[in-house]
Amino acid sequence: MSYILNIETATKNCSVSIAKEGKTLFCKEMSEQGFSHAEKLHVFIAESLEALMIDFSDLAAIAVSQGPGSYTGLRIGVSAAKGLCYALNIPLIAIDTLEIVARQLTVSDGLIIPMIDARRMEVYDAIFDSQHTKIRETKAEIITEDVFADFEGTIHLLGDGAMKCAEILNDSRFLYHPEIIYPSAKEMSSLSFDKHKKSDIVDVAYFEPFYLKDFILHK
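As the structure is a prediction and not an experimental result, all values here were calculated from the model.

What counts as what
- Residues numbered from 1 in each chain as written.
- Predicted model: local features only at pLDDT ≥ 70, side-chain atom pairs only at ≥ 80, totals over all residues.
- Heavy atoms only, no water.
- Helix = DSSP H or I, 4+ residues; strand = E, 2+ residues; numbered from the N terminus.
- Rg over C-alpha atoms; globule rule 2.2 N^0.38 Å.
- Buried < 20%, exposed > 50% of the residue type's maximum accessible area, 1.4 Å probe, protein only.
- Contact = heavy atoms within 4.5 Å.
- Lys, Arg positive; Asp, Glu negative; His and termini not counted.
- Charge placed at Lys NZ, Arg CZ, Asp CG, Glu CD.
- Salt bridge = Lys/Arg side-chain N within 4 Å of Asp/Glu carboxyl O.

Peer 1: How would you explain the overall build of the protein chain if you had to name every residue and give the values?
Peer 2: Across its full length, the protein chain carries 4 helices and 10 strands. Listed N to C, the secondary structure of the protein chain is β-β-β-α-β-α-β-α-β-β-β-β-β-α in terms of helices and strands. Taken against the 2.2 N^0.38 rule, which gives 17 Å for 219 residues, the C-alpha radius of gyration of the protein chain at 17 Å falls within 12% of a compact globule. Looking at the protein chain as a whole, 48% of its 219 residues qualify as buried. Taking the intrachain contacts of the protein chain between residues at least 6 apart in sequence as the baseline, contacts between residues at least 24 apart amount to 62%. Computing the positive centroid from 21 side-chain charges and the negative centroid from 32, the protein chain places the two 4 Å apart.

Peer 1: Would you mind going over the pattern of salt bridges in detail, with residue names and values included?
Peer 2: As enumerated under the stated definition, the model contains 10 salt bridges in all. Here Asp 194 and Lys 197 are joined by a salt bridge, their closest N and O atoms 3.8 Å apart. Of this pair, Asp 194 and Lys 197 both sit in helix H4 (residues 189–197), 3 residues apart, which is roughly one turn of the helix. Using a relative accessible area of 36% as the deciding quantity, one classes Asp 194 as partly exposed. On the accessibility criterion, Lys 197 (54% relative accessible area) is exposed. When salt bridges with common partners are traced through the structure, they connect Asp 125, Arg 136 and Glu 141 into a single cluster.

Honestly, it's all geometry; don't read function into it.
Below you can see the structure in the form of structure tokens.
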């Protein structure tokens with residue numbers, strides 16, 4: 001089985017990994033307060049290939065984090081992935097950003113709610129069970145005391161949008177995981193491999209990131 005290049009740029013973390021048969025062989029990533037993805041991404045890709053002593057011709061597919069997340073970050077990652085797929089004539093795979101975050105947590109029970117910061121008291125979130133199966137769709141959600149009142153049992157909150165909810169969602173059933181902040185291309189390896197085996201790919205020409213909300217230019 002050939003290699004898959006995974007690209008994750010939906011948040012402040014610029015992350016690249018190369019995997020084979022669902023296993024991450026190498027990962028290069030950096031998270032900074034200022035977005036530097038445009039400068040870092042192609043350097044990280046080149047360094048990852050060099051570290052494994054392989055070439056672009058060894059890639060069987062490229063997977064990209066599809067969102068939701070930063071408008072600018074998503075555009076950079078998706079544009080790079082589409083350009084490479086077109087030039088190399090290989091398939092493009094799209095991975096749910098919130099699932100990438102959720103996959104970083106292993107629990108035996110309860111619900112997993114990854115959150116990406118959407119400014120103020122709003123987050124992008126989705127709900128997964130303990131087996132990482134999505135049981136509620138992705139939303140842009142304003143956090144209130146009763147936002148998850150319809151769900152019972154332990155709720156695990158993670159991602160860069162989670163900790164700002166601690167004062168509002170302070171019931172003992174909410175467990176926070178501050179060590180899990182950003183999605184990482186390391187967690188994309190098994191997801192992209194599974195999709196590649198099933199030929200679950202997207203159209204290189206027409207695929208667009210899942211922004212969830214329209215881009216607003218702040219003057």
